[in-house]
Amino acid sequence: MKEILLSLLSPRQNRLRSEIEEALDMDLLGREAERGDLHVPHLSKRVLNMVTLLCAPVRDEAVQKLENVADPVCLLRGIFHVLGLMKMDMVNYTIQSLQPHLQEHSIQHERAKFQELLNKQPSLLDHTTKWLTRAAADLTTLPPASPDAPDSSSVACPSPNEAADRPEPVSPAMVLSQGFLNLLLWDPENEEFPETLLRDRARLQELESQLRQLTVLAAVLLVASSFSGSILFGSPQFVDKLKRIAKAHMEEFHSRPEEAMLTVSEQVSQEMHQSLKSMGLAALSSDNTASLIGQLRSIAKEENCVRSVIDQRIHLFLKCCLVLGVQRSLLDLPGGLTLIEAELAELGQKFVNLQNHNQQVFGPYYTEILKTLIPPSQAPEAEGASL
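We now turn to the structure provided with this report. (Residues numbered from 1 in each chain as written. Predicted model: local features only at pLDDT ≥ 70, side-chain atom pairs only at ≥ 80, totals over all residues. Heavy atoms only, no water.)

## So, the overall build of the protein
Tallying secondary structure elements over the protein gives 17 helices and 0 strands in all. Within the span of the protein, comprising 387 residues, buried residues form 40% of the whole. Considering only residue pairs separated by 6 or more positions, the protein has 71% of its internal contacts joining residues 24 or more positions apart. Of the roughly 22,000 Å² that the protein leaves accessible, carbon and sulfur atoms contribute 53%. (Helix = DSSP H or I, 4+ residues; strand = E, 2+ residues; numbered from the N terminus. Buried < 20%, exposed > 50% of the residue type's maximum accessible area, 1.4 Å probe, protein only. Contact = heavy atoms within 4.5 Å. Areas by Shrake-Rupley, 256 points an atom, 1.4 Å probe, with all protein chains shown as cover.)

## Regarding the pattern of salt bridges
On inspection of all chains with the given rule, the structure shows 13 salt bridges. Between E346 and K350 there is a salt bridge, with its nearest N and O atoms 3.3 Å apart. One end of the pair, E346, and the other, K350, are both in helix α17 (residues 341–373), 4 residues apart, so they sit about a helical turn from each other. Overlapping salt bridges bring together K243, K247 and E343 as one network. (Salt bridge = Lys/Arg side-chain N within 4 Å of Asp/Glu carboxyl O.)

## Focus: the packing of aromatic side chains
According to the stated counting rule, one finds 8 aromatic pairs in the structure shown. With a centroid separation of 5.3 Å and 65 degrees between ring planes, the pair formed by F114 and Y365 is classed as edge-to-face. One end of the pair, F114, is in helix α6 (residues 72–120); the other, Y365, is in helix α17, and 251 residues separate them in sequence. The two residues F114 and Y365 agree in class, both being buried. Members of the aromatic cluster, connected to one another through ring pairs, are F114, W131, F180, F362, Y365 and Y366. Stacked on the ring of F193, the Lys or Arg R201 has its end atom at 4.3 Å from the ring centre. (Phe/Tyr/Trp six-rings, centres within 6.5 Å; stacked < 30°, edge-to-face > 60°. Lys NZ or Arg CZ within 6 Å of the ring centre and 35° of its normal.)

## Considering helix α13 (residues 257–278)
Look at α13: 31 Å from first C-alpha to last across 22 residues, which is about the 32 Å you get at 1.5 Å a residue. Along α13, the positions that sit buried rather than exposed are P257, A260, M261, V264, S265, V268, S269, E271, M272, S275 and L276. Buried residues of α13 fall within an arc of 165 degrees about the axis and therefore sit on the same side. Facing away from the buried surface of α13 by more than 90 degrees, the exposed residues are K277 and S278. Turning to α13, the residues buried within the fold contact α9 (201–225), α10 (230–233), α11 (236–247), α12 (250–255) and α14 (286–297). The positive-phi residue at the C-terminal boundary of α13 is G280, with phi of around 75 degrees. (Expected span 1.5 Å × (residues − 1). Arc of directions from axis to C-beta.)

This is how it looks when you write it as structure tokens:
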């Protein structure tokens, strides 16, 4: 117990260190025990007072409960339990304190290793240059998208639901954001993957898979909601049921989309029928049921209009996450995405974290490449010299 308490002290807590040494002097306590003078309740009180001084506020309630424990064995067991929790608190605090330093070390180490490879192979940034060149071209040559189907490469993203009144000058940050969005549409047969992102390729593929699944999920919910509106979809429990139905068939959708959507359409229709019936409302007519099933089944087709619009809006949301951050982007979600807000927040945060770390490591290389792609006269005056 003494060693645990001492391990929780900072180097400057000399006074408390002395108190612990005095209160838990093993030689003195041993002599008192031999003489029968050891006062366990008093000793326990002193230990509890020291624990109170050292523990985090979240542990105060546990310490207060120990003050009412009379049995010495139970009291000691409780003290050791709290001390164990305090050790974990200290470990977590230490890790959090060191995390920025460890992250910076990781960034510098990863960049140094890449520089070593670049010194041996000067063409190592060729694919990265092509990737950023394509992103810059997407921003400067593609026509504006229509309001109903916004294209993520042509929206300045002042907010997720509104385009800018006039095009903003192309900046290095905009080009890099567009480049990362293009990675989510990467052709698997294209072997010219950016060298700076090879280590992140598996994670990007996983994000791409999640994006496809969310596109289908949002399309299913949007089609289904058009047949009942807020009557059913005002209930979070009902929405969760439909989400579980759709998510349960996502793996099958990847290999057999028609079969998967047939099952989903039938189960969604049945769930809506039962929910309306349980609420004492009229069920969908046979014509509406057939239309619902037909529209849901058509989601299996890549060219499905609902699926296409949802896909474009999710890409727009992700672009806004890179520009504005996830939380601000969630405040004004594009239509059709509100029912998958939680899932979008998770996807957006993963995407932003990946981009941020990659940019911290390879930002100097991106800056040099982008200088050749964006003429100084075209770049915004307020834009910094580096990313």
